[in-house]
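# Fold and geometry: a report
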Amino acid sequence: MIEDLIKPNIKALKAYTIEATPCSIRLDANESPYGFPLGQFRLPTNRYPDPDARSLRRFLAEKWGVEPECILHGNGSDELIYYLLTAIGGPALIPAPTFSMYRIIAESLGEKNFMVALDEQFDLDMEPMLAAIKQNNPKLIFLSRPNNPTGNSFTYGKVIEIIEKTGGLVILDEAYQPFSTRGDSFVDLLPRYRNLLVMRTLSKIGLAALRLGFLIGDKAIIEAVNKVRLPYNVNSLSQAAAIGILEDEKSIEKGINSVIDERDNLFAELSELDGIKAYSSNANFILFKLNINSPLTADALHKKLIEDDILIKKLVGGPLDNCFRVTVGTPKENAAFISSMKKIIEETNK
Ligand SMILES: *Cc1c(COP(=O)(O)O)cnc(C)c1O
């Protein structure tokens, strides 16, 4: 059987699935509702891209106040997670629930990983976290802050304590940092902690099509991770377009600010719905939970929203059972979502 050729850890792996249900209102993938045209970036197709993305890294280095040598470019930050687990390896410590790619990539590379449950508020639970660090000596600790899919930011002091107490690397995944009203990025702390790495992506601020993520940190670690990077991992169009689009800071800011305002409106409106608990968010999405005693089931809600041409992400597993993650869209999309939610809840309660 040719299937016997597949590695056991890959056989056991469940692929990351992205829902393909066609809906006109897509609030399932944490994308920005505001995009930018790509046609203006005219490049010849015959040459390879700059393997080191020098212009882009220089541009970002200035923006972020670090040296270009401290930045590594990835085909999305997903690729950088892959490279980290390839170059450094496990054991990896991963809170739960969080972004599922940390575990999926660790498993696919056959690297040990272990999960530590977050507390009731979805914050870091320090006693078990510190115990797990002591017991397993993780080489990598992945912390998404704000956390996907819960939307909260782990307490700053707790993150600092973990950075100080581990002998491994702490990856602060700041995919949603632009939406965090606290504005407390860990980039400023990089000079103080050699074992801290910050990960950024352009995917959530309107450039998901470009596939661009970055790892920022100690030169020696960046240099080591760079060794496993495939030579032309970021294409020419993405490199040029990222600079061209990010130069227009005002437009980027406008999109981010609109999402922040709309998120706060959406949270207020969701909180008023019968049988629903919404969790406050520092990101571009909101987690909400259906009351277990509600006559409306999670499957029924998901299906009825799709009938109304609206797609959101249904979550499963442990504390996420009966939970959904809805991405903040345009004011019009959010209004359509809330109005559909109201209608579905009313119909069920009749
Ligand atoms: C979306 C997301 C990413 C993936 O970013 P890409 O740059 O698109 O690969 C990384 N981390 C978290 C926590 C995310 O939610």
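Residues numbered from 1 in each chain as written. Predicted model: local features only at pLDDT ≥ 70, side-chain atom pairs only at ≥ 80, totals over all residues. Heavy atoms only, no water.

Going by what an unreviewed UniProt entry lists, the chain is known as Histidinol-phosphate aminotransferase and is assigned to Candidatus Magnetominusculus xianensis. UniProt lists a comment for the chain under the heading Sequence similarities (unreviewed entry), and it reads "Belongs to the class-II pyridoxal-phosphate-dependent aminotransferase family. Histidinol-phosphate aminotransferase subfamily." According to its UniProt record, the chain has this under Pathway (unreviewed entry): "Amino-acid biosynthesis; L-histidine biosynthesis; L-histidine from 5-phospho-alpha-D-ribose 1-diphosphate: step 7/9." (UniProt positions renumbered as here; feature names shortened; annotations may be inferred.)

## Topic: the site of the ligand
Around the ligand lies a shell of 14 residues, among which Asp173, Tyr176, Thr201, Ser203 and Lys204 are the nearest. Take Asp173: an N or O atom from its side chain is 2.6 Å from a nitrogen atom of the ligand. In this structure, an oxygen atom belonging to the ligand sits 2.6 Å away from a side-chain N or O atom of Arg211. For the shell around the ligand, the per-class residue count stands at four nonpolar, six polar and four charged. (Near = heavy atom within 4 Å. Polar contact = N/O pair within 3.5 Å; in protein donor to acceptor, adjacent residues only side chain to side chain. Nonpolar A, V, L, I, M, F, W, Y, C, P; charged D, E, K, R; others polar.)

## Points about the UniProt feature "modified residue: N6-(pyridoxal phosphate)lysine" (unreviewed entry) in the chain
Residues annotated by UniProt as "modified residue: N6-(pyridoxal phosphate)lysine" (unreviewed entry) correspond here to Lys204. Among the structural elements, Lys204 can be located in the loop between strand S7 (196-201) and strand S8 (213-217). Lys204 gets classed as buried once you look at its relative accessible area, which sits at 15%. Residue contacts for Lys204: discarding those within four places in its chain leaves Asn30, Ser32, Ala175, Tyr176, Phe179 and Asn284. (Helix = DSSP H or I, 4+ residues; strand = E, 2+ residues; numbered from the N terminus. Buried < 20%, exposed > 50% of the residue type's maximum accessible area, 1.4 Å probe, protein only. Contact = heavy atoms within 4.5 Å.)

## Considering the sheet that holds strand S6 (residues 169-173)
Pairing is mixed across the open sheet formed by seven strands, whose spatial order is S2-S8-S7-S6-S5-S3-S4. The open sheet has two free edges, formed respectively by strand S2 (71-74) and strand S4 (113-117), since each of these has just one partner strand. Mean inter-strand twist for the sheet, computed between neighbouring axes without regard to direction, equals 25 degrees. Taken together, the five bridges between strand S5 (residues 140-144) and S6 define a ladder with parallel strand orientation. Counterpart to Leu143 in the pairing with S6 is Leu172. Sheet strands in contact with helix H2 (residues 54-64) are S2, S7 and S8, and its direction is about 125 degrees off that of S2. (Pairing = 2+ DSSP bridges. Axes fitted to C-alpha atoms, helices over the stretch in contact; angles between N-to-C directions.)

## Topic: the pairing of S8
Within S8, five of the five residues are buried, leaving the element largely enclosed by the surrounding structure. Every second residue of S8 is oriented toward a common face, with Gly213, Leu215 and Gly217 on one face and Phe214 and Ile216 on the other, all of them buried. Where S7 lies against S8, five bridges are found, and the strand directions are antiparallel. By the bridge assignment for S8, Thr201 is matched with Gly213.

## Remarks on unusual backbone geometry
Between Ala96 and the following residue, Pro97, the backbone shows a cis peptide bond with an omega angle of 0 degrees. The topology assignment puts Pro97 in the loop between strand S3 (92-96) and helix H4 (101-108). Of the consecutive residues Arg145 and Pro146, the connecting peptide bond is found in the cis state with omega at -5 degrees. As for its placement among the helices and strands, Pro146 is situated in the loop between S5 and helix H6 (156-165).

## Thoughts on the packing of H2 against helix H8 (residues 236-246)
When two helices pack together, you describe them by how their axes are tilted relative to each other and by the distance separating the axes. At their nearest, the axes of H2 and H8 sit 9 Å apart, and the two run at 30 degrees to each other. Judged by the inter-axis angle, H2 sits roughly parallel to H8. Of the two elements, H2 crosses H8, and the hand of that crossing is left-handed. Contacts between H2 and H8 pair Ser55, Leu56, Phe59, Leu60 and Lys63 from the former with Gln239, Ala242, Ile243 and Leu246 from the latter. Grouping the amino acids of the contact of H2 with H8 by side-chain chemistry returns six nonpolar, two polar and one charged. (Parallel < 35°, antiparallel > 145°, perpendicular 65-115°, else oblique. Left-handed = near helix turned anticlockwise from the far one by under 90°.)

## With respect to the pairing of strand S11 (residues 310-314)
Consecutive side chains of a regular strand alternate in pointing toward one face of the sheet and then the other. In this structure, strand S1 (residues 25-27) lies alongside S11, joined through three bridges in parallel fashion. Counterpart to Arg26 in the pairing with S11 is Leu311. By the bridge criterion, two bridges tie S11 to strand S12 (residues 323-327) in an arrangement that is antiparallel. Bridge assignment links Lys313 to a residue of S12, and that residue is Arg325.

## Here's the deal with the sheet that holds S12
With mixed pairing, the five strands of this open sheet are ordered in space as S1-S11-S12-S10-S9. Whereas interior strands pair on both sides, the edge strands pair on one side only; in this sheet they are S1 and strand S9 (276-278). Across the sheet, the mean angle from the axis of one strand to that of its neighbour is 30 degrees, orientation sign disregarded. Here strand S10 (residues 285-290) pairs with S12 via five bridges, running antiparallel. Bridging from a neighbouring strand, Ile286 pairs with Val326 of S12. Against the sheet, helix H9 (residues 249-271) touches S9, S10 and S12, its axis set at about 10 degrees to S10.

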